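# Examination of the molecular architecture
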Amino acid sequence: MANVVLSNVQKRFADGTIAVHDFSLEVEDGEFLTFLGPSGCGKTTTLRMVAGLETPSAGTIHFGNRRIDDLEPGERNVAMVFQSYALYPHMTVGENLAYPLRKRGVPKPERDTRVAATAKLLQIEPLLARRPKQLSGGQQQRVALGRAIIRDPDVFLLDEPLSNLDATLRAYMRAELVQLHRRIGKTMIYVTHDQVEAMTMSTRIAVMHQGRLQQVGPPSEVYERPLNRFVASFVGTPAINFIDGRISATGDGLAFVGDGLVFPIADQVGGAESGGGRPVVAGIRPEDVTIGGGQPGQGDAEVLVVEPLGHETLVVLRVGTSQVVARAPARSDVTPGQRLPFSINRQRVHLFDAATGDRLG
Ligand code: ADP
Ligand code: MG
């Protein structure tokens, strides 16, 4: 059993910095859970507390029903992979893989068997006799993963392991890691600031901001139902559009009344709202903005910028005083300076309280 349970964990460093506040989360056995958030939000610190490289200032960490936050790192049976691969330059790949076993006194015949099996799993068999500097970045990363796998840990901790790779290789390694997780079925906690990695690889995502957990859920839920403005802004490319406005009562019920945009919102806010002019922010994803004719219009907007990306086109519109990005098909016949009708998919608009940033409804 290797579920990981953090309960009210806090980390206060000697200089008074509180890097992690009251953090509670259960990572399920066999799950691929990602800590996602911007640089400095406390991801590494949290992971290091699980590894035993930092001691929590408050709270507890359990693996199953075994409390581990007071154990030495070596007693936890976790393996950590870092952004820097930290391979031993003077050892061959085979020796690097065998090293954690040698340190534990595993006899040579068993070491050889496990090195061979790990090399096969990661498809690095032809590289066993090479030294790290004779490997590409992606190959080095695989060896670093191999060195973690060979110990057969209960929990894998991965801290931005793909950040040093170029974009193409990163995309390839994402798929590799997902397959690896499927094959070995172990609990993995993965840290990244890259929302694409989080969205594509994770069973669940834990979004962090300023040392606090913001939302935990499967990628689709975090995307479709962000619990606050921060989560909405951090997940999704191109980023979600925000438009300031108020909730107002109209003849047809409650409406969002924003600069250059008015639409009914009874579905989103339910009966609790009075329509008394509460300041809100509407979050509208670029794919929920449609430009061009044929739709019941929300109005007209000026086209500011057209960005053809090959497989699609991004169109920046001026709506009131805001800029709104819309996703349009490839080869869209749109030019800057045009005025075009646009509409939004109002069922999919997210509303946030302007003061707290919390989701409404
Ligand atoms: P992330 O991995 O999300 O980028 P970190 O966990 O590395 O964030 O850091 C979280 C916060 O804690 C940052 O403000 C960082 O400056 C601070 N921090 C990290 N390590 C220490 C330390 N040893 N002493 C004081 N502050 C630290
Ligand atoms: Mg970090």
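Details of the structure are given in the entry above.
Below or above, wherever it landed, is the structure these notes cover. (Residues numbered from 1 in each chain as written. Chains lettered and ligands numbered in written order. Predicted model: local features only at pLDDT ≥ 70, side-chain atom pairs only at ≥ 80, totals over all residues. Heavy atoms only, no water.)

### Looking at the sheet that holds strand β14 (residues 276-284)
Read from one edge of the open sheet, five strands run β13-β12-β11-β14-β20, paired in antiparallel fashion. The two strands at the open ends of the sheet, each matched to only one other strand, are β13 (261-264) and β20 (350-353). Between one strand axis and the next, the sheet turns by 35° as a mean value, whatever way the strands run. Sheet analysis places strand β12 (residues 253-258) next to β13, joined by four bridges and oriented antiparallel. When the bridges of β13 are listed, Phe256 appears paired with Phe263. (Pairing = 2+ DSSP bridges. Helix = DSSP H or I, 4+ residues; strand = E, 2+ residues; numbered from the N terminus. Axes fitted to C-alpha atoms, helices over the stretch in contact; angles between N-to-C directions.)

### Some details on the packing of helix α4 (residues 137-149) against helix α5 (residues 167-184)
Contact pair α4 / α5: the axes reach a minimum separation of 11 Å and the direction vectors enclose 20°. Considering their axes alone, α4 and α5 lie roughly parallel with respect to each other. Considering how the two elements wind past one another, α4 and α5 form a crossing that is right-handed. Note on element contacts: α5 touches α4 through Leu169, Tyr172, Met173, Glu176, Leu177, Leu180 and Ile184, opposite Gly137, Gly138, Gln141, Arg142, Leu145 and Ile149. Here the contact of α4 with α5 is built from residues that sort into eight nonpolar, three polar and two charged. (Parallel < 35°, antiparallel > 145°, perpendicular 65-115°, else oblique. Left-handed = near helix turned anticlockwise from the far one by under 90°. Contact = heavy atoms within 4.5 Å. Nonpolar A, V, L, I, M, F, W, Y, C, P; charged D, E, K, R; others polar.)

### Here's the deal with the packing of helix α2 (residues 93-103) against α4
Axis angle and axis distance: for two packed helices, these are the angle between their axes and the distance between the axes, and together they describe the pair. It is the contact of α2 with α4, at a shortest axis distance of 8 Å, that shows an interaxial angle of 30°. Taken together, the axes of α2 and α4 are roughly parallel relative to one another. The element α2 and its partner α4 pack so that their crossing is right-handed. Side by side, α2 and α4 meet where Val93, Asn96, Leu97 and Pro100 of the first sit next to Val143, Gly146 and Arg147 of the second.

### A short note on the pairing of strand β2 (residues 18-27)
As paired elements, strand β1 (residues 4-12) and β2 share six bridges and run antiparallel to each other. Within β2, the position partnered with Val9 by the bridge is Phe23. Counted between consecutive antiparallel strands, the loop separating β1 from β2 contains five residues, among which Gly16 sits at a positive phi close to 95°.

### What about the layout of surface pockets?
In this model, the largest pocket occupies a volume close to 520 Å³. Around the largest pocket sit 21 residues that line it, and Ala79, Met80, Phe82, Lys103 and Arg151 are the ones nearest its centre. Going through the elements one at a time, β6 (78-81), α2 and α4 are the ones with two or more residues in the lining of the largest pocket. Sorting elements by how many residues they give to the lining of the largest pocket places β6 first, with four residues. Of the residues in the lining of the largest pocket, the class split is 15 nonpolar, two polar and four charged. (1 Å grid on protein atoms, 1.4 Å probe; cavity = no way out; pocket = protein on both sides within 12 Å on 5 of 7 lines; lining within 4 Å. Points joined across faces, edges and corners; volume = space filled by probe spheres on them.)

### Notes on α4
The terminal C-alpha atoms of α4, which comprises 13 residues, lie 18 Å apart, in line with the 18 Å expected from a rise of 1.5 Å per residue. Burial analysis of α4 places 11 of its 13 residues in the buried class, which makes it a mostly covered element. Turning to α4, its buried residues number three or more, namely Gly138, Gln140, Gln141, Arg142, Val143, Ala144, Leu145, Gly146, Arg147, Ala148 and Ile149. (Expected span 1.5 Å × (residues − 1). Buried < 20%, exposed > 50% of the residue type's maximum accessible area, 1.4 Å probe, protein only.)

### A word on the site of ligand 1
Around ligand 1 sit Phe13, Asp15, Thr17, Ala19, Pro38, Ser39, Gly40, Cys41, Gly42, Lys43, Thr44 and Thr45, and that is every residue in its neighbourhood. Separating an oxygen atom of ligand 1 from a backbone N or O atom of Cys41 is a distance of 3.2 Å. One of the side-chain N or O atoms of Lys43 is found 2.8 Å from an oxygen atom in ligand 1. Ranked by the residues each element gives to the shell around ligand 1, the list is headed by helix α1 (residues 43-51), at three residues. (Near = heavy atom within 4 Å. Polar contact = N/O pair within 3.5 Å; in protein donor to acceptor, adjacent residues only side chain to side chain.)

### Quick notes on the sheet that holds strand β5 (residues 66-67)
In spatial order, the strands read β2-β1-β4-β5; together these four strands make up an open sheet with antiparallel pairing. Only two strands of the sheet have a single partner each, and these edge strands are β2 and β5. Inspection of the sheet shows β1 paired to strand β4 (residues 58-63) by five bridges, in the antiparallel sense. Paired with Val4 across the two strands is Phe63, which belongs to β4. Against the sheet, α1 touches β1, β2 and β4, its axis set at about 120° to β1.

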